[in-house]
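Secondary and tertiary structure notes
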Amino acid sequence: MNVNIINMSAIVKMIVSSSIVKKTWQIHKLFSENEEYSLKNLIRSIHHLLKYERILQHQNTFVISSFIPPINTKAFGSLFDGIPGSGGNLFENFVKGKRKFPVWINIDITSRYPNNKYLDGDSGFSERHFNDMEREKLISLINEIQDMGVGIIGLAGGEPLLRNDLEEIVENIDDRSVSYVYSTGYGLTSQRARDLKSAGLYGIIIDFQSMNEGEHDEKMGFNGAYHYAVNAIENSKKAELYTVSRTFCNRELLEKETMLEFIKFLGQCGVDEVRLMEPMPFGKSGRISRDELFTDDERKKLIELHMLCNKDANLPKVSVCSYFESREMFGCGAAGYYSFIDIHGDLYPCDYIPFNFGNVFETPIKALWKKMYKSFETPEVHCRSLICLGKMERDKFQQYPQRVKTLPESCKTCCGQVTPGFYKILGGEK
Ligand code: SF4
């Protein structure tokens, strides 16, 4: 068995942790009610999950990646509590990737941005004015999301740090979920980082788009962005927040092979985890043309970085979204694993899918999510956003968002026939 040796000390600590042993035993007992389940396959699937991951200990928690709730937290339970059914049916539904609520929801809580403009998923930077998501409505939405059982809540924007009530919002997220703030770094002083930590924030995800100061500032849309990001990483680390950088990788970064150098630089800045995303045409990654989307070979190259870096102790931990959501791992997480709510309260299966299914301030999110999930129930090993974008006519490519409450019945685009790798192994397939 090819074990990632870099994880050995974390694995030993986890084995002697009574809460982890208890949780693993509970999962084993739960799945044992199905005769198709075997402990050997559970171990094989865990090995498959960890093969190219670096487990980090962050204070008293263990992190596989920022895409998964830390292992020994209440929030980790959302992975299993969200499986529909009971008894032997639970295991069957788990290996089919079925969910009764998502593991992770991001919410755009403001469209205010450091350049005195507003960030809108529709049009990028704009002069249009949107208010922050109203605090009382947001807090009650967060309560509903926690009552559903969601394990990760991401507060995004715009720049969430521009909200003076961010600490109060974070304080309202109890330990059933871990919370992350997505930020440019603007305004993350050491005091603010400590206040957010005291309010219960688990981690911060800081956008970092280039090692070159001028290029980063330009991409982020305001002067000084580079310095804000560097300082924010330092302040976040000092406050003991789990610190992640996020880069939307492009062809230039891949082709010049500067990505490895960039990853080293981010490690020197002090991040715990480097998150790498593919270029996507919508949302905060900016408006790009169809030609800028990655080819299969380019995606493979990006995934290889994930595998390479996590085995090399001289490099920081790297999480490539396209690896986590690949055919070999969990497939596309849209709706089932992940959902997104924009500044207006519109619910999407993913930031990058240009269809929303209604508004969480008009219909309770639990009911709305159930409706949305019906169109995404079958696991899909390809990125649904890319499937959808690939079918769009060139001139419609950047039209976003479209308001669709139910997909046409004839739409079979995202109904996958192939089970993603992790579930296959757990289900006993060779
Ligand atoms: S649509 Fe693409 S980006 Fe969105 S969850 Fe699925 S794989 Fe990820």
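Right, let's walk through the structure included here. Only a predicted model underlies this, so the values are computations on that prediction, with no experimental measurement involved.

**Observations regarding helix 13 (residues 296-309)**
Because the α-helix completes a turn every 3.6 residues, residues three or four places apart line up on one side. For helix 13, spanning 14 residues, the distance from its first C-alpha to its last is 20 Å, which sits close to the expected 20 Å at 1.5 Å a residue. Within the sequence span of helix 13, burial applies to Leu-302, Ile-303, Leu-305, His-306 and Cys-309. Projected down its long axis, helix 13 carries its buried residues within an arc of 140°, all on one side. Exposed residues on helix 13 whose side chains face more than 90 degrees from its buried face are Asp-296, Asp-297 and Lys-300.

**Quick notes on the environment of Phe-91**
Looking at where Phe-91 falls in the secondary structure, it is placed in helix 5 (residues 88-95). C-alpha separation for the pair Phe-91 and Phe-31, spaced 60 residues apart in sequence, amounts to 5.1 Å. Apart from the residues within four sequence positions on either side, Phe-91 is in contact with Phe-31, Asn-34, Glu-36 and Tyr-37.

**A short note on the sheet that holds strand 9 (residues 242-248)**
Taking strand neighbours across the sheet as the criterion, the nine strands line up as 11-10-9-8-7-6-3-12-13 in an open arrangement whose pairing is mixed. Bordering the open sheet on either side are strand 11 (317-320) and strand 13 (347-348), each of which pairs with just one other strand. For strand 3 (residues 104-108) and strand 6 (residues 152-156), the ladder comprises five bridges, and the chain directions are parallel. Of the residues in strand 6, the one forming a bridge with Ile-105 is Ile-153. Contacting strand 10 (273-277) and strand 11, helix 13 crosses the sheet at an angle of about 150° to strand 11.

**Let's talk about the site of the ligand**
If you check the shell around the ligand, you find Glu-325, Cys-332, Gly-333, Ala-334, Tyr-338, Cys-350, Tyr-352, Ile-353, Cys-383, Arg-384 and Ser-385 and nothing else. In the shell around the ligand, the residues fall into seven nonpolar, two polar and two charged.

**Regarding unusual backbone geometry**
Backbone torsion omega between Gly-157 and Gly-158 reads 20°, so that peptide bond is classified as cis. Phi is positive for Glu-240, close to 65°, though the residue is something other than glycine. You can see Glu-240 is positioned in the loop between helix 10 (225-238) and strand 9. A positive phi angle is found at Ala-335, which is not glycine, with a value near 70°.

Conventions and cut-offs
- Residues numbered from 1 in each chain as written.
- Predicted model: local features only at pLDDT ≥ 70, side-chain atom pairs only at ≥ 80, totals over all residues.
- Helix = DSSP H or I, 4+ residues; strand = E, 2+ residues; numbered from the N terminus.
- Expected span 1.5 Å × (residues − 1).
- Buried ≥ 20, exposed ≤ 12 C-beta atoms within 10 Å, placed from the backbone.
- Arc of directions from axis to C-beta.
- Contact = placed C-beta atoms within 7 Å.
- Pairing = 2+ DSSP bridges.
- Axes fitted to C-alpha atoms, helices over the stretch in contact; angles between N-to-C directions.
- Near = placed C-beta within 6 Å.
- Nonpolar A, V, L, I, M, F, W, Y, C, P; charged D, E, K, R; others polar.

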